[in-house]
Amino acid sequence: MPKQDLSDPITLRLPLDLLAEIESVAGICERSRSWIMVRALKAYMAQEGREILEMAEARRAVDEGHGSSADDVLAEVAAIIKGAAA
């Protein structure tokens with residue numbers, strides 16, 4: 001298995017109750033605190049972090065003139081509904 005590239009160490013201050021939970025999980029899993037925190041950060045990035053990045057990309061696209069206005073979308077939906085009713 002290839003060795004993963006790692007950053008320099010990062011200093012992070014945590015609420016003491018969160019650190020206690022991390023240490024408990026690390027002890028139960030026989031893993032390091034770093035291993036637990038990396039897994040937690042990966043889960044965050046896969047969910048909430050990904051959503052934030054996608055929203056930023058969508059805003060950038062709109063700023064560059066890509067996409068449709070809300071009025072255009074609503075007009076298209078109304079036309080689809082009207083056509084379905086006919």
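Because the structure is a prediction, the values reported are computed rather than measured.

What counts and how
- Residues numbered from 1 in each chain as written.
- Predicted model: local features only at pLDDT ≥ 70, side-chain atom pairs only at ≥ 80, totals over all residues.
- Heavy atoms only, no water.
- Helix = DSSP H or I, 4+ residues; strand = E, 2+ residues; numbered from the N terminus.
- Rg over C-alpha atoms; globule rule 2.2 N^0.38 Å.
- Areas by Shrake-Rupley, 256 points an atom, 1.4 Å probe, with all protein chains shown as cover.
- Lys, Arg positive; Asp, Glu negative; His and termini not counted.
- Charge placed at Lys NZ, Arg CZ, Asp CG, Glu CD.
- Expected span 1.5 Å × (residues − 1).
- Salt bridge = Lys/Arg side-chain N within 4 Å of Asp/Glu carboxyl O.
- Buried < 20%, exposed > 50% of the residue type's maximum accessible area, 1.4 Å probe, protein only.
- Phe/Tyr/Trp six-rings, centres within 6.5 Å; stacked < 30°, edge-to-face > 60°.
- Lys NZ or Arg CZ within 6 Å of the ring centre and 35° of its normal.
- Patch = residues over 30% accessible without salt bridge, like charges linked within 9 Å, V, L, I, M, F, W, Y side chains within 5 Å.
- Contact = heavy atoms within 4.5 Å.

Moving on: the overall build of the protein chain. Of regular secondary structure, the protein chain possesses three helices and zero strands. What you see in the protein chain, going N to C, is helices and strands ordered as α-α-α. Taken against the 2.2 N^0.38 rule, which gives 12 Å for 86 residues, the C-alpha radius of gyration of the protein chain at 23 Å runs more than 25% over that of a compact globule. Summarising its shape, the C-alpha atoms of the protein chain cover approximately 65 × 35 × 30 Å along the three principal directions. In the form shown here, the protein chain has an accessible surface area of approximately 8100 Å², with 59% of it arising from carbon and sulfur atoms. For the protein chain, the centre of its 10 positive side-chain charges and the centre of its 15 negative side-chain charges are spaced 7 Å apart.

To continue, consider helix α1 (residues 16-29). Taking 1.5 Å of rise per residue, the 14 residues of α1 would be expected to cover 20 Å, and the 20 Å separating its terminal C-alpha atoms lies within 8% of that figure. Positive phi shows up at E30, right after α1, with a value of about 55°.

Turning our attention to the pattern of salt bridges. Throughout the structure, instances matching the rule amount to three salt bridges. The shortest N-O distance in the salt bridge between E23 and R33 comes to 2.8 Å. With E23 in helix α1 and R33 in helix α2 (residues 33-63), the pair connects residues that are ten residues apart, well separated along the chain. Note on E23: relative accessible area 38%, which makes it partly exposed.

Here the focus is the environment of A84. Here A84 lies in helix α3 (residues 70-85). Exposure remark for A84: the relative accessible area of 65% places this residue in the exposed category.

A few words now on unusual backbone geometry. A positive phi angle, near 55°, is found at E30, a position not held by glycine. For E30, the position within the fold is in the loop between α1 and α2. Here E30 falls in the exposed class, since its relative accessible area comes to 72%.

Here the structure, examined in full by the defined rule, presents zero aromatic pairs. Just above the ring of W35 sits the side chain of R31; from NZ or CZ to the centre is 4.2 Å.

Moving on: a nonpolar patch on the surface. On the surface, Y44, M45, I52 and L53 cluster together into a nonpolar patch covering about 360 Å² of accessible area. Residue placement: L53 occurs in helix α2.

Moving on to α2. A rise of 1.5 Å per residue sets the reference length of α2, with its 31 residues, at 45 Å; its end C-alpha atoms lie 42 Å apart and thus fit the reference within 8%. All buried positions along α2 are accounted for by I36, G49 and A61. In the core, the buried residues of α2 are packed alongside α1. A positive phi of about 90° marks G65, the residue just after α2.

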